[in-house]
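Structural overview
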Amino acid sequence: MLRTTLKVAWRALLRRKGTTALNVAGLALGLAGALLIALWVQHERAHDRFHTNGDRIYRVVLDYITDGRVAENGFTQGVLAPTLDEDYPEVEHAVRFAYTGNVLRVGDRQFEEPRLSYADASVFAVFDFPLVHGDPATALAEPLSIVLTEEMARKYFDRTDVVGETMDTNEGVSLTVTGIGVAPPETSSIQADALISMKTLEQSGPDWMWGNWYSTSFQTFVLLQDGVTAQTMEANMAEMFDRYAREHGAEFNTELVFHLEPLETMYLTSKRDGVPHGSLANVYLFSVIAVFLVLIACINFANLSTARSLERAKEVGVRKTVGGTRGGLAVQFLTEAVMLTTASMALALLLVQAVLPAFERLTEKSLSLATLGLPAWGLVLLLVGTALAVGVLAGAYPAFVLTRFRPAVVLKGTFRTSAGGVALRKGLVVLQFAISIALIAATAVVFRQLTFMQERDLGFAANSEEGRLLELPFGGDDQVLAQYDALKAQLVALPGVTEAAGSETLPGSIGLASAGGTVEGPDGTAQNVSVNLYMVDFDFLDVMDMEVVAGRGFDPAFGTDSTEAYLLNETAAREFGYPDVAEAVGKPAGFWGRGGTIVGIVEDFHPFGLRSAIPPMGMRIDPNNVSRYTLRLRTDDLPATLASIEDLWQTAVPHRPFDFAFVDETFDAQYRAETRFGQVFGVFAALAIFIACLGLFGLASFTAAQRTKEIGIRKVLGASVPGLVSLLAKDFLVLVGLGFAVAVPVVWYGMSQWLADFAYRTDVGVLVFVMAGGLALGVALLTVASQSLRAATTDPVKALRYE
């Protein structure tokens, strides 16, 4: 019986090669797109989920609450982890990370290493970062210990069994290699090429790093004991604040509130600094697109099947007449559907393998079917189950509708599909139009936001007619600071270099410090505040092309500017009680123990991109704490200019490798995730629209077939071809309108929620929907036109003989 059913199904599919090919192509494209999205979604969801104790690991974050103002912080105090370890048995281990960068040297091999971190000895007991050489229990227990990744070991030693070897930092500190570990996977939020023992930092770090409850420089993670909840531990930390820090905080009216972020959801849900961030909204959005792709492909199957229902109706009539049952016919049609979806799944797998390298480049992620995290048998079961489920879903409508046809009616040639069947088919097409319009509109909103971000005035000129900004970091190297002014003058003297300045960090870079202090308020009393503080030299504002909107900038002619002057941005002045920012000029202010006066207000500029609101920021002259030069370069001959800078650097600073970055590229990197998202979204939206066009082709074919006699009569009575094409196509105007009505509120709400993630954003806009509706209408009419034109140009004699 099964063999006969399969044979009949195979012959039926071969007999309708065109319909079969369209069905297989549509389903394969839909399944391939959905599978690619599934790989991306699973990769995003897999972040930090590879740790054995991941469900008990939390990141500690805190809120600074000062005079009712809340400042969210992802970094914590150096004293926090030891306190949790010693005072709270609910904590199995607490681990600190302090990210840093340095030059490491072995013999004549030296490299600038930006991805180093200090870590406590218990790091390997909390996280699954396996060692291939060394003892994880003792690898970071002693000062001057370092654990390298295998890649780092090969980079410096050409081998990995190097436990016991030594390597030097740029400050002449000798570190002993005590372990070699596997590099953290791409899905780890904790990324470091080497870990240095925290006791090494304890030997050299200033006292304020270790005992001050209001100084935050560390990432802190805790492994809670079994059965201990995050809520219980947060209550314990509130008690900890009362015991150790409330009295000190009362002096400047500041309170600390600790929170625990689950490690396994931190990547997609956290908004605080210190860790990479994904987007839960993007995960949901792509998951919806995957469902849309499969749904559209299934709708296509139903439409293309019913477009051939007149042909299949006679087959059903004959088979029923010779004894076929409705159940047997339904099994036959479902078998055909499952055979189609099985073939489509096989083709989809081939398509996925073919396009996966390009998709990985587009998303900048390492993806494979193994990303789904299933064993081989589980993957096979998933694919087979999906093929069966899609086959039943796609084949259910033709199987149960076509088998209802009555033989007597069909064989008399008077068969017409019911009004309910017509309504269902049109409803499916309306759904396709709604999805297509929604995807077009959503894609337009995404790219509109990207354009808005890229074109917005950032408050400084990373790339202008005067040239591009080049960042030349030196890590606060004492040997560079000793010749800071002389080297700066030499850099400016090079051809192609027009200006130079120094600072501790730059907009778009990490390392911006949060400084607590006081500013005199409008009522004359000192108020406790915090700002993100830039340490700069006198040329910083000019090189960055930042505008002073009130007061003045730093000026070496004022002898006290190097020790007492502060600049605030407009946001800080307003937040500190000065709606007219000029009124803040001349007010006393002090941060980190250095008192002074506000001498000017700088126009707001963006330090972190447009996802984050501009925070209160300040600047002060502090050349002893700068860690990079910033140069303005003419763009007429950049290669020659870069070569001359490198020659000077290697001569003046031979102990440091030449490392540089263009500021505009560094800043644009913050938008890379959104740019990738927009590109990937556009690709899948285009794919969904293309698949939907196949369904429209099916319905147009069906409509033309149903109205063959009508078309013949109209042509005999003098109807023109354009008139007939218009007659057949006008129904689709109604379907587009209904799809548009369904799509607009959904997209408006959904994309408004997506845009809410950006502090500075465009709006959805009416033109987006006008464009999406117009494009969907144009695509639909072009798709329908071919079938309508074919029907309208048919010989009326043949049309009147039809049936």
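What comes next concerns the included structure. Quick caveat: nothing in here was measured; it's all calculated off a predicted structure.

So, on to the packing of helix α3 (residues 80–87) against helix α8 (residues 230–244). Taken N-terminus to C-terminus, the directions of α3 and α8 make an angle of 110 degrees; their axes are 12 Å apart at the nearest point. The orientation of α3 relative to α8 falls into the category roughly perpendicular. Packed against α3, whose contacting residues are Leu80, Thr83, Leu84 and Asp87, the element α8 presents Met233, Met237, Met240, Arg243 and Tyr244 at the interface.

Below, the discussion takes up the nonpolar core. With 98 residues, the main nonpolar core has Phe286, Phe460, Met546, Met619 and Phe684 as its most contacted residues. Considering every element that reaches this core, the biggest residue donor is helix α16 (residues 419–455), with 13 residues. Apart from residues no more than four positions distant in its own chain, methionine 546 is found in contact with Gly459, Phe460, Pro507, Phe540, Leu541, Val602, Phe605 and Met619. Core analysis: the second largest hydrophobic core is formed by 24 residues, Val91, Met237, Leu256 and Leu260 among them.

The end-to-end C-alpha distance of α8 is 21 Å, a good match for the 21 Å that 15 residues give at a rise of 1.5 Å each. Tucked inside the fold, the buried residues of α8 contact β1 (57–66), α3, β3 (91–106), β10 (219–224), α9 (246–250) and β11 (254–262).

Where helix α5 (residues 150–157) is concerned, the buried positions are Met152, Ala153, Tyr156 and Phe157. Viewed end-on, α5 has its buried residues packed into an arc of 100 degrees, placing them on one side of the element. As for α5, its buried residues are in contact with β3, β4 (109–119), β6 (145–149), β7 (166–169), β8 (174–181) and β9 (194–197). Looking one or two residues past α5, aspartate 158 carries a phi angle of roughly 65 degrees, positive in sign.

Right, let's talk about the packing of aromatic side chains for a bit. Overall, the coordinates contain 26 aromatic pairs when judged by the stated rule. Taking 5.4 Å as the distance between ring centres and 25 degrees as the angle between the ring planes, the aromatic pair formed by phenylalanine 677 and tryptophan 754 counts as stacked. With phenylalanine 677 in helix α24 (residues 672–706) and tryptophan 754 in helix α26 (residues 721–755), this residue pair connects regions lying 77 residues apart in the sequence. Each member of the pair, phenylalanine 677 as well as tryptophan 754, carries the same accessibility label: buried. Aromatic ring contacts, followed pair by pair, group Trp40, Phe286, Phe359, Phe677, Phe681, Phe684, Trp754 and Phe758 into a single cluster. The ring of phenylalanine 111 has lysine 155 lying over it, and the distance from NZ or CZ to the ring centre is 4.5 Å. The ring of tyrosine 566 carries arginine 594 above its face, with NZ or CZ at 6.0 Å from the centroid.

So, on to the pattern of salt bridges. Oppositely charged side chains can form a pair if their charged atoms are brought close together. Throughout the structure, instances matching the rule amount to 32 salt bridges. For aspartate 87, the salt bridge identified is with arginine 243, shortest N-O distance 3.2 Å. On the criterion of sequence distance, the pair formed by aspartate 87 in helix α3 and arginine 243 in helix α8 is long-range, its members being 156 residues apart. By relative accessible area, which is 43% here, arginine 243 ends up partly exposed. The shortest N-O distance in the salt bridge between arginine 96 and glutamate 202 comes to 3.2 Å. In this pair, arginine 96 sits in strand β3 while glutamate 202 sits in helix α6 (residues 198–204), placing the two residues 106 residues apart along the sequence. When its relative accessible area of 4% is taken as the criterion, arginine 96 is described as buried. Owing to a relative accessible area of 36%, glutamate 202 belongs among the partly exposed residues under this scheme. Three or more residues are tied together by salt bridges with common partners; here these are Arg59, Asp63, Glu261 and Arg272.

Criteria and thresholds
- Residues numbered from 1 in each chain as written.
- Predicted model: local features only at pLDDT ≥ 70, side-chain atom pairs only at ≥ 80, totals over all residues.
- Heavy atoms only, no water.
- Axes fitted to C-alpha atoms, helices over the stretch in contact; angles between N-to-C directions.
- Helix = DSSP H or I, 4+ residues; strand = E, 2+ residues; numbered from the N terminus.
- Parallel < 35°, antiparallel > 145°, perpendicular 65-115°, else oblique.
- Contact = heavy atoms within 4.5 Å.
- Core = buried A, V, L, I, M, F, W, Y, C linked by side-chain atoms within 4.5 Å.
- Buried < 20%, exposed > 50% of the residue type's maximum accessible area, 1.4 Å probe, protein only.
- Expected span 1.5 Å × (residues − 1).
- Arc of directions from axis to C-beta.
- Phe/Tyr/Trp six-rings, centres within 6.5 Å; stacked < 30°, edge-to-face > 60°.
- Lys NZ or Arg CZ within 6 Å of the ring centre and 35° of its normal.
- Salt bridge = Lys/Arg side-chain N within 4 Å of Asp/Glu carboxyl O.

So yeah, pure geometry; function would need other evidence.
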